[in-house]
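What follows is each chain in one-letter form.
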Amino acid sequence: MSYVFVTRRVPGRAVELLREAGHGVDVWDGEMPPGSDILRERLLEADAALTLVTDPVGPDLLAAAPRLRVVANMAVGYDNIDADAAAAAGVWATNTPGVLHETTADLAFALLLAAARNVVLGDRDTRDGGWRTWSPTAFLGHDPFGATLGIVGLGEIGRAVARRARGFGMTVLAATRTPRPGVERELGVEGVSLTELLERSDFVTLHVPYGPETEHLMGPAEFAAMKETAILVNTARGGVVDQDALVEALRTGAIGGAALDVTVPEPLPLDHPLYEFPNVVITPHIGSGSHATRARMAEMAAENIIAVLAGEEPPNPVNRPPNPRSA
Ligand code: GLV
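It should be emphasised that the depicted structure is a prediction, and the values quoted were computed from it without experimental measurement.

(A) Structural detail: the domain arrangement of the chain. The domains assigned to the chain are domain 1 (3–99 + 291–309) and domain 2 (101–282). The gap between the C-alpha centroids of domain 1 and domain 2 is 31 Å. Listed by partner, the interface residues are seven residues for domain 1 and five residues for domain 2. Here domain 1 and domain 2 share an interface that buries about 510 Å² over both sides, 46% of which is from carbon and sulfur atoms. Viewed at the interface, domain 2 and domain 1 are joined by one salt bridge. Note that Arg237 is salt-bridged to Asp79, the shortest N-O span being 2.9 Å. Across the contact surface, domain 1 and domain 2 share three residue pairs in polar contact (both at pLDDT 80 or more). When the residues that make up the side of domain 1 that touches domain 2 are grouped by side-chain class, the tally is three nonpolar, three polar and one charged.

This is how it looks when you write it as structure tokens:
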């Protein structure tokens, strides 16, 4: 019998699917991720791992996992996995594309609206007893309706955000690494350079994967190019933003605010300066966090494992081992 280690309790039928396929399943029961020692110990015996973005899978761990055939990440991003090292070791790495873009686009929009209209500040104020009368001047924000939205990265999530922006009468600009005129035309989006996007947008939302090419894509020069009233939304990965530069931009008023679902590190320590700004909204990496989507993500990760353990190619590989390990 093959043995699958699942690194946290996951929603939906994922564990059932694995068991129905005849595999032994061990689910880590802690609220916190298994530490690296535990992960190493469990992977010593495991044929497959269902991992989360909180589980770093690097060459050392792979070297200590002689039976491992697949690491199935329950996420579309897989920067926690060294996919090349996995391929070299004969281990498939997989992700969950196509199921979380609408949910994540919803959160990007929720953050945009929350920051633009002071939703979180207003909520805090009512709870603190600050709501004494209707005020003509309190909590004034900026209108998303009719504003210019800059989308950085036009993958599945960026495109889903663009579709939502139409309903808000927004002018939508997009900066992409490779020009995508067909996609831009279809979405009614204007393709521009990153600099032009930053200069013209009232809201800038990031939808690129994290990696060497996108690390600190938003740095001092980029914040300086933004409008002083503009709001940055990040539901991608914390490392896409140079956080020190963001703090500085907020401190000097170079930008109007930020709404972040992702930070470096996660969780963001409570003494971090980003918490000091009233015009910053921070959520705990919940972009894909709807009941239905998280269940589907876990099931998709299980399906990838089931395929590999049956000797097939997984449906959602992010690497291609030249010599996949076999049973
Ligand atoms: C979550 O962050 C994901 O990449 O799916």
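(B) Region of the structure containing the site of the ligand. Near the ligand the following residues occur: Ala75, Val76, Gly77, Leu100, Arg237 and His285. Contact between the ligand and Val76: an oxygen atom at 2.7 Å from a main-chain N or O atom of the residue. A distance of 2.8 Å is found between an oxygen atom of the ligand and a side-chain nitrogen or oxygen belonging to Arg237. For the ligand, whose unbound accessible area comes to 200 Å², protein coverage reaches 88%. Broken down by class, the residue content of the shell around the ligand amounts to three nonpolar, two polar and one charged.

(C) Focus on the packing of aromatic side chains. Scanning the model with the defined rule gives one aromatic pair in all. Judged by centre distance (5.0 Å) and plane angle (35°), the ring pair of Phe109 and Phe168 falls under tilted. With Phe109 in helix 5 (residues 101–116) and Phe168 in the loop between helix 7 (156–167) and strand 7 (171–175), this pair connects stretches of sequence that are 59 residues apart. Looking at Phe109, the relative accessible area reads 5%, which means it is buried. Relative accessible area serves as the criterion here: at 28%, Phe168 is assigned to the partly exposed category.

(D) Examining the side chain of Thr283 more closely. If you trace the backbone, Thr283 turns up in the loop between strand 12 (280–282) and helix 12 (291–309). Within polar-contact distance, the side chain of Thr283 engages the side chain of Asp261 at 2.7 Å. Among all residues touching Thr283, those that are not within four sequence positions of it are Leu107, Leu111, Leu260 and Asp261.

(E) Molecular detail of the sheet that holds strand 3 (residues 48–51). The five strands are arranged 2-1-3-4-5 in an open sheet whose pairing can be described as parallel. Because the sheet does not close on itself, it has two edges, and the strands there are strand 2 (24–27) and strand 5 (92–94). Ignoring which end each strand starts from, the neighbouring axes of this sheet average 15° apart. Where strand 4 (residues 70–73) meets strand 5, three bridges bridge the pair, whose relative direction is parallel.

(F) Structural view of the packing of helix 5 against helix 7. Here helix 5 crosses helix 7 at 55°, and the two axes come no closer than 8 Å. Considering the angle they form, helix 5 stands oblique to helix 7. Handedness of the crossing formed by helix 5 with helix 7: right-handed. Counted together, His101, Glu102, Thr104, Ala105, Asp106, Ala108 and Phe109 of helix 5 and Glu156, Ile157, Ala160, Val161, Arg163, Arg164 and Ala165 of helix 7 form the full contact between these two elements. Looking at the contact of helix 5 with helix 7 residue by residue, the classes come out as seven nonpolar, two polar and five charged.

(G) Structural detail: the nonpolar core. Of all hydrophobic cores here, the largest spans 29 residues; its most connected members are Leu206, Phe223, Met226, Leu232 and Leu246. Secondary structure elements with two or more residues in this core: strand 7, helix 9 (194–200), strand 9 (203–206), helix 11 (243–252) and strand 11 (257–260). For Leu232, the residues in contact, after removing those within four places along its chain, are Val204, Leu206, Met218, Phe223, Met226, Val241, Leu246, Gly257, Ala258 and Ala259. With 27 residues, the next largest nonpolar core counts Ala108, Leu112, Val161 and Val281 among its residues.

(H) Up close: the sheet that holds strand 12. Overall, parallel pairing links the seven strands, which are arranged 8-7-6-9-10-11-12 in an open sheet. Each edge of the open sheet carries a strand with a single partner, namely strand 8 (190–191) and strand 12. Two strands pair when backbone bridges link them, and strand 11 and strand 12 are joined in this way by three bridges, in the parallel orientation. Across the sheet, the residue bridging to Ala259 is Val281, located in strand 12.

Cut-offs applied
Residues numbered from 1 in each chain as written. Predicted model: local features only at pLDDT ≥ 70, side-chain atom pairs only at ≥ 80, totals over all residues. Heavy atoms only, no water. Domains from an automatic or database assignment. Contact = heavy atoms within 4.5 Å. Buried area = accessible area lost by both parts, 1.4 Å probe. Salt bridge = Lys/Arg side-chain N within 4 Å of Asp/Glu carboxyl O. Polar contact = N/O pair within 3.5 Å; in protein donor to acceptor, adjacent residues only side chain to side chain. Nonpolar A, V, L, I, M, F, W, Y, C, P; charged D, E, K, R; others polar. Near = heavy atom within 4 Å. Areas by Shrake-Rupley, 256 points an atom, 1.4 Å probe, with all protein chains shown as cover. Phe/Tyr/Trp six-rings, centres within 6.5 Å; stacked < 30°, edge-to-face > 60°. Helix = DSSP H or I, 4+ residues; strand = E, 2+ residues; numbered from the N terminus. Buried < 20%, exposed > 50% of the residue type's maximum accessible area, 1.4 Å probe, protein only. Pairing = 2+ DSSP bridges. Axes fitted to C-alpha atoms, helices over the stretch in contact; angles between N-to-C directions. Parallel < 35°, antiparallel > 145°, perpendicular 65-115°, else oblique. Left-handed = near helix turned anticlockwise from the far one by under 90°. Core = buried A, V, L, I, M, F, W, Y, C linked by side-chain atoms within 4.5 Å.

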